[in-house]
Amino acid sequence: NHPSWADFSRHFEAVVSTQSTGAASKMNYGDSVAIGSLVPIFAAISSRILWKEKLSVFTILALFIGLSGILLVAKPTFLFGVSEGQERKEYSPFFPLVPLTGGILMGVAMSLMRRVGSQISPILVSIFVSCFVLPVGIVFQLVSRSEFVLPNCNQDRLILCFGGLGMFLCLVCLNRGLTLEKSGPGTLVRNLDIPIAYGIQVIVFGRVPDVLSILGGLLVVSSVVLVTVNKLFIEKCFKFEI
């Protein structure tokens, strides 16, 4: 089975977020993504510790609803077991620490972006990519002794170039968004790439995801809707923050 478009989206994000160039090659894909999906929670905790940012009960609820949705999409083997036709990978118990550490670092990075200022900083994004993402990817490549494979055709190279440009623009938008919104809700909205990717998968490739993936996508959308409703309406009536 070839990975779906939504799977590719989550894996590309996992690699860029340092959540597993080396570990994902040894772990089951769903396990790595499930651990990496803790980023919004780590970002919220980091901002609470560093900047004393309080979170409403509804935002905390939304964070866990979003996490539940991603777990249904990723279907990690430690919750769902190994499906028929899926290869079980045996790996050291230390391997999960790689995506977990990556998730914590990314959460802290999202929190630190809150203090950049009120303007978009393409220079900051460039520094982030050149000094953090690329070196970590290279280190994992060397440590895992994986073969460095270049794209075989111009089409693959073009897709990778557009993917890199898209991720750069994504980081620029995220940079701006985190200057306007708290880290927890701000990073949670990033998970909308799951239902959007599924929409592209159905419209462009004609591939319908399974029931659990659809339910997971709906939970992710519900978490973002809850955060939005809380921001626009509930917080104006009363605040119950932790």
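Up top is the structure.
These remarks concern the structure in this document. (Residues numbered from 1 in each chain as written. Predicted model: local features only at pLDDT ≥ 70, side-chain atom pairs only at ≥ 80, totals over all residues. Heavy atoms only, no water.)

1. What to know about the overall build of the chain
Argument step 1. If you tally the helices and strands in the chain, you get eleven helices and zero strands.
Argument step 2. The linear arrangement of helices and strands in the chain, starting from the amino end, is α-α-α-α-α-α-α-α-α-α-α.
Argument step 3. When burial is assessed residue by residue, the chain has 39% of its 242 residues classed as buried.
Argument step 4. Contacts spanning at least 24 positions in sequence make up 82% of the contacts within the chain whose residues lie at least 6 apart. (Helix = DSSP H or I, 4+ residues; strand = E, 2+ residues; numbered from the N terminus. Buried < 20%, exposed > 50% of the residue type's maximum accessible area, 1.4 Å probe, protein only. Contact = heavy atoms within 4.5 Å.)

2. Some thoughts on the packing of helix α4 (residues 57-74) against helix α11 (residues 211-237)
Argument step 1. The interhelical angle for the contact between α4 and α11, taken along N-to-C directions, is 165°, at an axis separation of 7 Å. Viewed along their axes, α4 and α11 adopt a mutual orientation that is roughly antiparallel. Note that α4 runs across α11; the crossing there is left-handed. Facing α4, whose interface residues are Phe-58, Thr-59, Leu-61, Ala-62, Ile-65, Gly-66, Ser-68, Gly-69, Ile-70, Leu-72 and Val-73, α11 presents Leu-212, Ser-213, Leu-215, Gly-216, Gly-217, Leu-219, Val-220, Ser-223, Leu-226, Val-227, Asn-230 and Ile-234.
Argument step 2. Here the residues of the contact of α4 with α11 sort into 14 nonpolar, nine polar and no charged. (Axes fitted to C-alpha atoms, helices over the stretch in contact; angles between N-to-C directions. Parallel < 35°, antiparallel > 145°, perpendicular 65-115°, else oblique. Left-handed = near helix turned anticlockwise from the far one by under 90°. Nonpolar A, V, L, I, M, F, W, Y, C, P; charged D, E, K, R; others polar.)

3. What to know about the pattern of salt bridges
Argument step 1. This model, assessed by the stated rule, comprises three salt bridges.
Argument step 2. Its salt-bridge partner being Lys-75, residue Asp-210 comes within 3.3 Å of it at the nearest N-O pair. In this pair, Asp-210 sits in the loop between α10 (193-205) and α11 while Lys-75 sits in the loop between α4 and α5 (77-80), placing the two residues 135 residues apart along the sequence.
Argument step 3. You can call Asp-210 partly exposed: its relative accessible area is 37%.
Argument step 4. In this structure Lys-75 comes out as partly exposed when scored by relative accessible area, which is 23%.
Argument step 5. Taking the shortest distance from any N to any O, the salt bridge between Lys-182 and Glu-241 comes out at 3.6 Å. (Salt bridge = Lys/Arg side-chain N within 4 Å of Asp/Glu carboxyl O.)

4. Here's the deal with helix α3 (residues 39-50)
Argument step 1. Taking 1.5 Å per residue, twelve residues should reach 16 Å; α3 reaches 16 Å between its end C-alpha atoms and fits that length.
Argument step 2. For α3, the full list of buried residues reads Val-39, Pro-40, Ile-41, Phe-42, Ala-43, Ala-44, Ser-46 and Ser-47.
Argument step 3. Positive backbone phi, at 60°, marks Lys-52, one or two positions downstream of α3. (Expected span 1.5 Å × (residues − 1).)

5. Some remarks on the packing of α3 against helix α6 (residues 97-113)
Angle between the axes and distance between the axes: these two values describe a pair of packed helices.
Argument step 1. In the contact formed by α3 and α6, the axes pass within 7 Å of each other and the chain directions differ by 50°. One finds that α3 runs oblique with respect to α6. Crossing handedness for the pair α3 and α6: right-handed. Judged by residue contacts, Val-39, Phe-42, Ala-43, Ser-46, Ser-47 and Leu-50 of α3 engage Leu-100, Gly-103, Ile-104, Met-106, Gly-107, Val-108, Met-110, Ser-111 and Leu-112 from α6.
Argument step 2. When the residues that make up the contact of α3 with α6 are grouped by side-chain class, the tally is ten nonpolar, five polar and no charged.

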